[in-house]
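So the chains spell out like this:
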Amino acid sequence: MMPAPTLADIVFSEQANHNFSKILGDLKKSNLSITNRLKSIQHDAAFVQEVADVLGLPLVANERCGSWYIDPQLKRSSAYFKSTDGHTGQWKFSTRRLNFHLLEVIGQNDGCIIVDSTRRGKRMPDALSKTIPIWCTVLNQALFPSHPQSHTLHVPPTVVSSSEHSQMASRLPFFLSSLLALEPDIPSLRQHIQKPLRPLWVTPDDELTPEMVDEIKVSFHPVVCCISSRRVVGTEMSEEGYIQGAGDDTENWAHGLTAPLFWANQRQLLGTPEGDLPGLIEMLVANSEAGGQAVGELKRVAPRLLVGALSAEEKALTSSSQENICVVSLVPKTTEKETWEKSKRHMEVGLGKSKTASRFLREALPSICDFVSRFLQECADADAEMGTGTGKDANKEIVLLCESGRDLSVGVALALYCWCFVDSAGTIRTATDQGQNHNKASIRVKLGHIMTAFPDANPSRSTLQSVNSFLMDWRN
């Protein structure tokens with residue numbers, strides 16, 4: 001007869017508990033492998049393609065996650081709806097991310113499909129369930145004021161409770177006021193669409209039929225919110241490697257891999273053993289960066305103001321119209337202020353990288369604005385002296401370049417738009433008028449103009465704080 005077990009036999013030792021936890025951690029890590037993530041993305045992308053085929057509408061990626069699930073050749077546009085703007089109690093109509101560029105896509109195609117995903121445990125991201133419905137309703141109220149049927153907030157009832165819906169709806173008048181305060185060109189926006197907008201939702205659990213949108217199309221442009229990943233209720237270990245929202249949180253797993261790189265190399269990536277993937281990705285990223293130094297495209301964000309990446313610097317400086325172009329290069333290294341002015345038409349400002357650069361921008365903006373102001377005043381003064389009134393300054397343009405072409409350069413463009421120009425037509429301020437009338441409202445209006453002209457712009461919070469601080473505190 002075997003002896004009865006003792007307490008020590010039943011209770012795991014501390015070492016045994018440690019080993020057990022390590023085994024569970026290793027299992028979880030293996031299920032969240034790069035291979036499983038890429039296979040899950042491929043699986044979800046097939047569903048997104050099916051939605052597009054059945055509904056016959058163009059695909060729009062809600063960045064950054066959405067682009068992983070759409071073949072770049074099929075992606076019509078990008079959208080920028082933040083989940084944080086839909087968090088319970090924090091609902092917001094973003095006056096920074098206006099997404100007006102989607103109206104043209106929607107109008108031309110009688111609707112669109114906006115693709116996004118979310119991590120395990122949630123049915124759909126707040127960006128699709130709440131942020132986009134708010135956007136649709138506010139735009140309907142602004143663009144179709146005599147169409148009261150379109151002013152009702154529509155949300156997915158299985159995700160948003162009636163109580164939350166009521167609270168969101170109560171804030172719509174404030175959201176509309178915040179939009180109108182930006183002084184948008186309502187007639188111009190209205191020309192893009194023929195009907196109000198109506199959101200609806202598609203998940204992998206839904207049966208897909210063209211009739212899903214046909215009835216809506218009678219009176220509305222459908223804005224289809226497509227949740228690419230199926231919901232995982234338990235853990236990934238119960239899903240045979242499938243990961244919900246696999247394209248999310250790329251900073252924690254992707255090793256620098258981007259959605260375009262994945263789509264361009266997916267066969268090679270999915271055919272490589274897990275242990276070799278980090279090395280392969282590193283090589284692909286390095287090759288992409290080495291071969292990606294083509295001259296970047298310049299984006300006009302306001303009259304006289306263009307932004308772009310530093311790769312466009314040589315082209316801008318050697319342009320045939322270089323006498324009329326002033327170039328400000330914001331480089332990712334720190335340099336002394338005394339070295340910044342390279343010529344009367346070129347300034348190279350060394351701010352460093354990332355958040356450091358955004359903070360240093362506050363100290364650099366007075367020098368940048370002074371440099372650009374002197375350039376703009378040259379021909380204006382010459383005209384005044386000669387009494388010709390020929391407007392020789394009319395062709396003067398400012399090219400602003402930074403590493404990404406979307407952050408620091410956009411922040412400087414905003415500062416110059418406020419500091420150097422009287423209005424949206426590009427009328428140059430006089431030297432005595434440059435510091436006047438800068439407040440949060442006027443800055444927000446001009447930021448709205450820039451974001452409408454360049455939806456892919458992504459100035460960081462730190463960058464915008466530096467610009468606001470400079471413009472509002474310059475007298476102190």
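Up top you'll find the structure we're talking about.
Note that the coordinates shown come from a computational prediction; the quantities given were computed from them, not determined experimentally. (Residues numbered from 1 in each chain as written. Predicted model: local features only at pLDDT ≥ 70, side-chain atom pairs only at ≥ 80, totals over all residues. Heavy atoms only, no water.)

A.B. asks: I would appreciate a short explanation of the overall build of the protein in the present structure.
C.D. replies: On a plain count of helices and strands, the protein comes out with 16 helices and 11 strands. Looking at the protein residue by residue over its 476 residues, the buried ones come to 49%. Long-range pairs, those at least 24 residues apart, make up 69% of the contacts in the protein with a sequence separation of at least 6. For the protein, the exposed area adds up to about 23,400 Å²; of that, 51% sits on carbon and sulfur atoms. (Helix = DSSP H or I, 4+ residues; strand = E, 2+ residues; numbered from the N terminus. Buried < 20%, exposed > 50% of the residue type's maximum accessible area, 1.4 Å probe, protein only. Contact = heavy atoms within 4.5 Å. Areas by Shrake-Rupley, 256 points an atom, 1.4 Å probe, with all protein chains shown as cover.)

A.B. asks: It is not clear to me how the layout of surface pockets should be interpreted in this structure. Could you clarify?
C.D. replies: Regions of empty space are outlined by a rolling probe, equal in size to a water molecule, passed over the atoms. Taken as a whole, the second largest pocket encloses approximately 600 Å³ of empty space. Residue lining of the second largest pocket: 18 residues in total, with Lys353, Ser354, Glu403, Ser404 and Asp407 positioned closest to the centre. For the lining of the second largest pocket, the secondary structure elements donating two or more residues are strand E8 (325-331) and helix H13 (354-386). Broken down by element, the residue count for the lining of the second largest pocket peaks at four residues, all from H13. Here the lining of the second largest pocket is built from residues that sort into six nonpolar, seven polar and five charged. (1 Å grid on protein atoms, 1.4 Å probe; cavity = no way out; pocket = protein on both sides within 12 Å on 5 of 7 lines; lining within 4 Å. Points joined across faces, edges and corners; volume = space filled by probe spheres on them. Nonpolar A, V, L, I, M, F, W, Y, C, P; charged D, E, K, R; others polar.)

A.B. asks: Looking at this structure, how should I read the sheet that holds strand E6 (residues 299-302)?
C.D. replies: The pairing of strands in a sheet happens through backbone hydrogen bonds and is either parallel or antiparallel. Reading across the sheet, the six strands line up as E6-E7-E11-E8-E10-E9 and stay open at both edges, with mixed pairing between neighbours. Each having just a single partner strand, E6 and strand E9 (341-343) make up the two edges of the open sheet. Each strand axis lies, on average, 25° off the axis of its neighbour in the sheet, ignoring direction. Pairing geometry for strand E7 (residues 305-309) and strand E11 (residues 397-402), over five bridges, is parallel. If you follow Val307 over to E11, its bridge partner there is Leu400. (Pairing = 2+ DSSP bridges. Axes fitted to C-alpha atoms, helices over the stretch in contact; angles between N-to-C directions.)

A.B. asks: What's the story with the packing of helix H6 (residues 162-170) against helix H7 (residues 172-180) in this structure? I'm lost.
C.D. replies: What describes two packed helices is the angle between their axes and the distance between those same axes. Closest axis-to-axis distance for the H6/H7 pair is 5 Å, and the angle between their directions is 35°. Facing H6, whose interface residues are Met168, Ala169 and Ser170, H7 presents Leu172, Pro173 and Phe175. Considered class by class, the residues forming the contact of H6 with H7 number five nonpolar, one polar and no charged.

A.B. asks: Help me understand the pattern of salt bridges, please; the structure alone is not making it clear to me.
C.D. replies: When their charged atoms lie close together, side chains carrying opposite charge are able to pair. Inspection of every chain in the model, using the stated rule, returns 13 salt bridges. Close ionic contact of Lys75 with Glu63 constitutes a salt bridge, the shortest N to O distance being 3.2 Å. Remark: Glu63 occurs in the loop between strand E1 (59-62) and strand E2 (75-79) and Lys75 occurs in strand E2; sequence separation between them is 12 residues. Given the relative accessible area of 28%, Lys75 is considered partly exposed. We note a salt bridge from Arg119 to Asp248, for which the minimum N-O separation is 3.7 Å. Separated by 129 residues along the polypeptide, Arg119 in the loop between strand E3 (112-116) and helix H5 (126-143) and Asp248 in the loop between strand E5 (221-227) and helix H10 (259-270) bring together distant segments of the chain. Residue Arg119 is classed as partly exposed on the basis of its relative accessible area, which comes to 47%. Judged by its relative accessible area of 22%, Asp248 is partly exposed. Salt bridges linked by common partners bring Lys122, Asp126, Lys130 and Glu164 together as one network. (Salt bridge = Lys/Arg side-chain N within 4 Å of Asp/Glu carboxyl O.)

A.B. asks: Help me understand the sheet that holds E3 in this model?
C.D. replies: With respect to topology, five strands assemble into an open sheet ordered E2-E1-E3-E5-E4, the strand pairing being parallel. Here the strands that pair on one side only, and so sit at the sheet edges, are E2 and strand E4 (197-202). Put simply, the sheet's adjacent strands are angled 30° from each other on average, direction ignored. One ladder, built from six bridges, connects E4 with E5; its direction is parallel. Following the sheet pairing, Arg198 is matched in E5 by Pro222. With respect to the sheet, helix H3 (residues 34-55) is in contact with E1, E3, E4 and E5, its orientation differing from that of E5 by roughly 160°. The strands that helix H4 (residues 102-109) touches are E1, E2, E3, E4 and E5; relative to E2, the one it contacts most, it runs at about 140°.

A.B. asks: For this particular structure, what's the right way to read the packing of aromatic side chains?
C.D. replies: How two aromatic rings sit relative to each other is set out by the distance from centre to centre and by the angle between their planes. With the rule as written, the count across this model stands at six aromatic pairs. Judged by centre distance (5.5 Å) and plane angle (50°), the ring pair of Trp68 and Trp253 falls under tilted. Here Trp68, found in the loop between E1 and E2, pairs with Trp253, found in the loop between E5 and H10; they are 185 residues apart in sequence, far enough to count as distant. For Trp68, a relative accessible area of 4% gives the class buried. Taking the relative accessible area as the measure of exposure, Trp253 reaches 6% and is therefore buried. Here Trp419 and Phe470 contribute two aromatic rings whose centre-to-centre distance is 5.1 Å and whose plane-to-plane angle is 35°, an arrangement assigned as tilted. One end of the pair, Trp419, is in helix H14 (residues 408-420); the other, Phe470, is in helix H16 (residues 461-473), and 51 residues separate them in sequence. The class of Phe470 is buried, set by a relative accessible area of 3%. Pairwise contacts between aromatic rings join Trp68, Trp253, Phe262 and Trp263 into one cluster. When the ring centre of Phe220 is taken as origin, the NZ or CZ atom of Arg198, which lies over that ring, is 4.1 Å away. (Phe/Tyr/Trp six-rings, centres within 6.5 Å; stacked < 30°, edge-to-face > 60°. Lys NZ or Arg CZ within 6 Å of the ring centre and 35° of its normal.)

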